[in-house]
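This is what each chain is made of:
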Amino acid sequence: MTETGVGVQDAGLPAMLERAERLARLRHAGQTDKGGAEYWRHPARVSAGCRSGEAKIAGWLHDLLEDTGTTADELLELGFSEAVVRAVELDTRRDGEDYMAYIRAILAACDAADPATRHAGRIAREVKMSDLRDNMDLTRLTVVREADRRREAKYRRAYALLAAWPGRA
């Protein structure tokens, strides 16, 4: 075990999924969502909403780069595949980045000439769609404000763009 509490030995899909869950729970400990619930429940729902094994792993990890001190290099050192880590990077919106440009970048990766980028893009798209489905669920909030409704509308536009992608996920 490392100081993160996550082992780095070679592992198959079930072990990597478990490793991703442990890391997300550890790194998101003490964080809460907009509804006041423990934040780690969000990546749990995102992961559960994905079909492919790689997307389920990336679903657990998808907010780590944005919301914790975790780095992509650290995820690689912990044994997560390059495709999963690249998908997590694609699903990480940078400070000041236009939201719809960020969504279009995920789609651009889905159609990239480079097979590795294309694979990571398709994982990122699957994770982002699950993330958006969870974030659009306003029933998690005790009070729904106008800002929440505006954010939901933005997420619906992003989801429609991702869903309209003509490729095969």
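Just above sits the structure.
Below you will find a few notes about this structure. (Residues numbered from 1 in each chain as written. Predicted model: local features only at pLDDT ≥ 70, side-chain atom pairs only at ≥ 80, totals over all residues. Heavy atoms only, no water.)

Another aspect to go through is helix H1 (residues 13–27). Look at H1: 21 Å from first C-alpha to last across 15 residues, which is about the 21 Å you get at 1.5 Å a residue. The secondary structure elements touched by the buried residues of H1 are helix H3 (53–61), helix H4 (64–67) and helix H5 (72–77). (Helix = DSSP H or I, 4+ residues; strand = E, 2+ residues; numbered from the N terminus. Expected span 1.5 Å × (residues − 1). Contact = heavy atoms within 4.5 Å.)

For the rest of this paragraph, the subject is the pattern of salt bridges. For the structure on display, the rule yields nine salt bridges. Measuring nitrogen to oxygen at the nearest pair gives 3.5 Å for the salt bridge that ties Asp33 to Arg140. Of this pair, Asp33 sits in the loop between H1 and helix H2 (41–48) while Arg140 is found in the loop between helix H8 (115–135) and helix H9 (146–163), placing the two residues 107 residues apart along the sequence. Classification of Arg140 as partly exposed rests on a relative accessible area of 23%. For Arg156, the salt bridge is made with Glu152, and the minimal N-O distance between the two is 2.9 Å. Here Glu152 and Arg156 lie together in helix H9, a separation of four residues that amounts to about one turn. The buried category is assigned to Glu152, whose relative accessible area is 16%. (Salt bridge = Lys/Arg side-chain N within 4 Å of Asp/Glu carboxyl O. Buried < 20%, exposed > 50% of the residue type's maximum accessible area, 1.4 Å probe, protein only.)

Our focus in this paragraph is the environment of Leu17. Structurally, the position occupied by Leu17 is in helix H1. Here the alpha-carbon distance between Leu17 and Gly59, two residues 42 residues apart in the chain, equals 9.6 Å. Beyond its immediate sequence surroundings of up to four residues, Leu17 is in contact with Ser47, Lys56, Ile57 and Trp60.

With that settled, the discussion passes to the packing of aromatic side chains. Following the criterion strictly, the structure yields two aromatic pairs and no others. Between Tyr99 and Tyr155 the ring centres are 5.8 Å apart and the planes differ by 45°, which places this aromatic pair in the tilted class. Residue Tyr99 is found in helix H7 (residues 99–110), and its partner Tyr155 is found in helix H9; the two are separated by 56 residues along the sequence. Across the pair, Tyr155 and Tyr99 agree in class, each one buried. Grouping aromatic residues by their ring pairs yields a cluster made of Tyr99, Tyr102 and Tyr155. Positioned over the ring face of Trp40 is Arg25, at 3.6 Å from the centre of the ring. Its guanidinium or amino end placed over the ring of Tyr99, Lys154 lies 4.4 Å from that ring's centre, counting from NZ or CZ. (Phe/Tyr/Trp six-rings, centres within 6.5 Å; stacked < 30°, edge-to-face > 60°. Lys NZ or Arg CZ within 6 Å of the ring centre and 35° of its normal.)

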